[in-house]
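Here is what each chain is made of, one letter per residue.
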Amino acid sequence: MINGKTLRDAILSGANNIANQRVRVDELNVFPVPDGDTGTNMSMTIGAATQELQAMPDTCTVAEASKAAASAMLRGARGNSGVITSLLFRGFSKALQGKTNAEAADLAKALQMGVEAAYKAVMKPTEGTILTVTRLASEAAAASTATEVPALWAEVMAAGQAALEDTPNQLPVLKKAGVVDAGGQGIMLVFAGMQQVFEGRGMVASEEVAPKPKLNSESAGKGVFTDDLMKVEDIKNGYCTQFLLHKNENASVAKLRAFLESNGDSVVVIEDDDVANCHVHTADPGMMLSEAIKYGYLTNFKIENMHEQFLARQKQGKGLEKQAEAEGHAAGEEFVYAAVDPERTYGFVAVAAGEGLRAVFGDLGVDAVVSGGQTMNPATEDILAAIQSVPAQTVLVLPNNKNIIMAAEQAQKLADRKVLVLPTRTVPQGMTAMLNFDPDAAPEENAVNMMAAADKVATGLVTYAARDSEFDGKPIKKGEIMALENGKIVATGSDITKMTYRLARSMRKKDTQFITVISGCDVDEADAERTTELVQSKCGGNIEVSHINGGQPVYYYMISVE
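Throughout, residues of each chain are indexed from 1 in the direction in which the sequence is written. Where totals are concerned, whole chains, interfaces and linings use all residues; where local detail is concerned, this predicted model gives features only for residues with pLDDT of at least 70, and gives and counts side-chain atom pairs only at 80 or more. Water and hydrogen atoms play no part in the side-chain values, which are based on all heavy atoms of the structure.

K.L.:
Help me out: how do you make sense of the packing of aromatic side chains in this one?
P.N.:
Aromatic ring pairs: the centre-centre distance and the angle between the two ring planes describe each pair. Pairs were defined over the aromatic rings of Phe, Tyr and Trp, the Trp ring being its six-membered one, requiring ring centres within 6.5 Å. Orientation was assigned from the angle between planes: stacked under 30 degrees, edge-to-face over 60, tilted for the rest. For the coordinates displayed, the defined rule picks out 6 aromatic pairs. Measuring from centroid to centroid gives 4.8 Å for Phe-348 and Phe-437, while their planes differ by 85 degrees, and the two rings are edge-to-face. Of this pair, Phe-348 sits in strand β5 (residues 346-352) while Phe-437 sits in the loop between α20 (427-435) and α21 (443-454), placing them 89 residues apart in sequence. You can call Phe-348 buried: its relative accessible area is 6%. Using a 1.4 Å probe on the protein chains alone, a residue whose accessible area is under 20% of its type maximum counts as buried, one over 50% counts as exposed, and one in between counts as partly exposed. With relative accessibility at 21%, the residue Phe-437 sits in the partly exposed group. In this structure an aromatic cluster arises from ring pairing among Trp-153, Phe-191 and Phe-198. For the purposes of this entry, the term helix denotes a DSSP run of H or I that reaches at least four residues, the term strand denotes a run of E that reaches at least two, and both are numbered from the N terminus.

Below is the structure:
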């Protein structure tokens, strides 16, 4: 039997273990395209729970520890591997609900429930991945006769390790590269960290500080002092007030949010099944807390006097303009909660990286653009905050990357308004989907029609190899230029311009009407225009070729063919 303290420490130990070794897990990625690596995504996901777990007392129950961990991981989940990890721990929360301590059988049930949730969340589960490793580990736990947690977990580890070592036999690409599945390796590191605590050997020590996922409620209101014309008397709601509401049964957080909005500004409320993280700028913090306590009990109070903050910043002598520059990026990533406007039917959220692409999506009618893409997958909470900043009855979400779709789907479940996730896998698909939106059509009809149009778009990408690999029996060296068509490597070389127009020419079909060349941040305008002209000349005069300065990282060029 284990108590809450042991489970709390076990999860923290698992988080430390994956954080310490996340680079090794990242290196198991056999595909050479730079991406949001598995080890980093898993580490950031489970790391999202460390602050809350560290704040829990030694007297906490297993129910409380598992609930806190699951809730934080769900919000901080990044990438498919991160979402799957968060769902596994969601199983712990559900199985241990209401329990003070946990028997071995309880942990076996927790693993089973987590695996079931993970499989349901994946549209087409692939065996030979983290799913297989955790499924076989949970099956071993279910079949175990062990009555003590250390003995049970030893069987979990043995079955999981055997499954991990077998992943190359299930996925030929792993066997060819001589590695095991990265997600499977990552979860086994988490389980190994937990095992160390279960066996009484103490927690795995943190060797370095893992990156902390951004919490929107913490950062809301940044930039409030960045206007160099602002005076201290301009601050009407002078107290930045934050608290965590542990909800009463049937408590209406929507009513509390409405009260906060009517008596303050910069309101951000992030809610899940049991808690709501609240932030408001107000002239009367006491009134906010007195109202909030009607809906449950409060913890994690934080009240700051923004008048004093303002004056202190003035005295720093750095100038408000420099302060704005230092905080500008983070401030730009914040989304302020907006209540649903009953007169507004539709709103849109998209994920994209690059100022040019952000502007394009804005021109197409997207309300909120979340920064992210191939190398940095936004967390569930980032997408959720963007959704809830759009005051529409129905919000359509365009992830524009296959590794962001699951996080968007988790945000959909947490949102307080209707959300439809269109599983766009590339930026060109997202752009075409927006062009096919019909304001007079019903939401579900729009979703079907927009995706039907998006699926007809072919996407080409020109990037560099992030690691040594192999393509079509030939080695690919790190740094070599690669051309990809719909996610598959079709050519390698050394000349970016040649690779781009050759890729466009190979993607052209008899019925092609439009080719759009989207240049990245590492391409200057002159080169981009010259490349676009070459694409036009090589692909024929009947095809309309256009250029967009997307400013995206990673990809020198994106090519949309339709």
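Still more to cover.
K.L.:
Where do I start with the pairing of strand β13 (residues 488-493) in this structure?
P.N.:
The side chains of a regular strand alternate, first on one face of the sheet and then on the other. In terms of strand pairing, strand β12 (residues 481-485) meets β13 through 5 bridges, oriented antiparallel. Bridge pairing links Leu-484 to Ile-489 in β13. Pairing between strands requires that DSSP locate at least two bridges from one strand to the other.

K.L.:
Just checking my understanding: could you explain the environment of Ile-11 for this structure?
P.N.:
Along the chain, the position of Ile-11 falls in helix α1 (residues 4-20). Assessed through its relative accessible area of 2%, Ile-11 is described here as buried. For the pair Ile-11 and Leu-53, spaced 42 residues apart in sequence, the C-alpha separation works out to 8.4 Å. Should any heavy atoms of two residues lie within 4.5 Å, those residues are counted as being in contact. Ignoring sequence-local partners within four residues, the contact set of Ile-11 consists of Ile-46, Leu-53, Ala-69, Met-73, Phe-89 and Met-194.

K.L.:
How should helix α23 (residues 525-539) be read in this particular structure?
P.N.:
Residues separated by three or four positions in an α-helix point in the same direction, a consequence of the helix having 3.6 residues per turn. In a helix, the anticipated span is given by 1.5 Å times the number of residues less one. The end-to-end C-alpha separation of α23 is 21 Å, in line with the 21 Å expected for 15 residues at 1.5 Å each. Those residues of α23 that fall on the buried side of the exposure criterion are Ala-528, Thr-531, Thr-532, Val-535 and Cys-539. End-on view of α23: buried residues confined to an arc of 100 degrees, all on one side of the axis. Opposite the packed face of α23, turned more than 90 degrees from it, sit the exposed residues Ala-526, Glu-533 and Ser-537. The directions from the helix axis to the C-beta atoms form the arc being described.

K.L.:
Before we go on, may I ask you to explain the sheet that holds strand β6 (residues 368-371) in this structure?
P.N.:
For sheets, the rule is that strands pair by backbone hydrogen bonds, running either parallel or antiparallel. As summarised here, the arrangement of the 4 strands in space is β6-β5-β7-β8, forming an open sheet in which the pairing is parallel. Strand pairing shows two members of the sheet lacking a second neighbour, β6 and β8 (418-421), which therefore form its edges. Neighbour to neighbour, the strand axes of the sheet diverge by 20 degrees on average, direction disregarded. Bridge count for strand β7 (residues 394-398) against β8 is 4 bridges, and the pairing is parallel. Within β8, the position partnered with Val-397 by the bridge is Val-421. Note on method: axes are straight lines fitted to C-alpha atoms, helices fitted across the in-contact stretch only, with angles between N-to-C directions ranging 0 to 180 degrees. Across the sheet, helix α17 (residues 355-363) touches β5 and β6, and the angle it forms with β6 is around 160 degrees. Here helix α19 (residues 405-414) sits on the sheet in contact with β7 and β8, set at roughly 165 degrees to β8.

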